[in-house]
Amino acid sequence: MTWVEVMDGLSDRGPVVAVDVMNPGARVGDLPTLLDLLGRAMTLGGRQRTADNLRRADLVITPELDGIGMFDFGQSARALSAGRAAGISALPDLERLLV
């Protein structure tokens, strides 16, 4: 069971906010590395479930993660910054859900 399913099942829940960090095109212009291919293979089976969960959320926040792969740990500061920026830009939408 996912968190979206748990929240959706609560009668007194507030809005469900999902953050979509599935990055289908991690490297632009480069051939994917073996780690990229393994990451894609690991997540392939869950894509439909992820899509279903995103549809059930009241708000989906999607950070701009272009060029950052699943195993690009050296890019964590850039990924955090992208997440923070996406969260800040989503604040008006979140405020509308809470009013």
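Before reading on, note that the structure itself is shown above.
If you're wondering where the values come from, they're calculated on a predicted model, not measured in any experiment.

Peer 1: Just to check I follow, could you spell out the overall build of the protein for this structure?
Peer 2: Secondary structure assignment for the protein yields five helices and two strands. Taken from the N to the C terminus, the helices and strands of the protein come in the order α-β-α-α-β-α-α. With the C-alpha coordinates of the protein rotated into their principal frame, the extents come out at 45 × 30 × 20 Å. Here the protein holds 99 residues, and the buried ones make up 23% of them. Intrachain contacts of the protein at a sequence separation of at least 6 include 75% that bridge at least 24 residues.

Peer 1: Looking at this model, I keep getting lost on the side chain of Asn53. Mind explaining?
Peer 2: Position of Asn53 among the secondary structure elements: in helix 3 (residues 47-56). Asn53 has contacts with Thr2, Val4 and Glu5, leaving out every residue within four places of it along the chain.

Peer 1: Whenever I open this one, the environment of Val60 confuses me. Can you help?
Peer 2: Tracing the chain through its elements places Val60 in strand 2 (residues 59-61). Overall, the relative accessible area of 32% leaves Val60 in the partly exposed class. Considered as a pair, Val60 and Ala82 are 22 residues apart in the sequence and their alpha carbons are 15 Å apart. Contacts of Val60, omitting those with residues within four sequence positions, involve Ala18, Asp20 and Leu54.

Peer 1: Is there a simple way to explain the nonpolar core in this structure?
Peer 2: Inside soluble globular proteins, nonpolar side chains tend to come together where they are buried. Membership of the largest hydrophobic core is limited to five residues, which are Val4, Val16, Ala18, Leu54 and Ala57. Beyond its immediate sequence surroundings of up to four residues, Leu54 is in contact with Ala18, Asp20 and Val60.

Peer 1: Where do I start with the pattern of salt bridges in this structure?
Peer 2: Any two side chains of opposite charge can pair, on the condition that their charged atoms come close. Summed over all chains, the structure comprises two salt bridges. Two residues, Asp52 and Arg55, come together in a salt bridge whose shortest N-O distance is 2.2 Å. Linking Asp52 with Arg55, this pair stays in helix 3, spanning three residues, or about one helical turn. On the basis of relative accessible area, Asp52 is assigned to the partly exposed category, the value being 32%. Arg55 sits in the exposed class, given a relative accessible area of 58%. As a salt-bridge pair, Arg96 and Asp93 come within 2.3 Å of each other at their nearest N and O atoms. Here the residue Arg96 and the residue Asp93 both occupy positions in helix 5 (residues 91-98), the gap between them amounting to three residues, near one helical turn. Taking the relative accessible area as the measure of exposure, Arg96 reaches 56% and is therefore exposed. With a relative accessible area of 32%, Asp93 lands in the partly exposed category.

Peer 1: Before we go on, may I ask you to explain the environment of Met70 in this structure?
Peer 2: Mapped onto the fold, Met70 is located in the loop between strand 2 and helix 4 (76-89). Sequence separation between Met70 and Ser81 is eleven residues; the distance between their C-alpha atoms is 16 Å. If we ignore the near neighbours within four places in the chain, the residues touching Met70 are Gly39, Met42 and Thr43.

Calculation notes
- Residues numbered from 1 in each chain as written.
- Predicted model: local features only at pLDDT ≥ 70, side-chain atom pairs only at ≥ 80, totals over all residues.
- Heavy atoms only, no water.
- Helix = DSSP H or I, 4+ residues; strand = E, 2+ residues; numbered from the N terminus.
- Buried < 20%, exposed > 50% of the residue type's maximum accessible area, 1.4 Å probe, protein only.
- Contact = heavy atoms within 4.5 Å.
- Core = buried A, V, L, I, M, F, W, Y, C linked by side-chain atoms within 4.5 Å.
- Salt bridge = Lys/Arg side-chain N within 4 Å of Asp/Glu carboxyl O.

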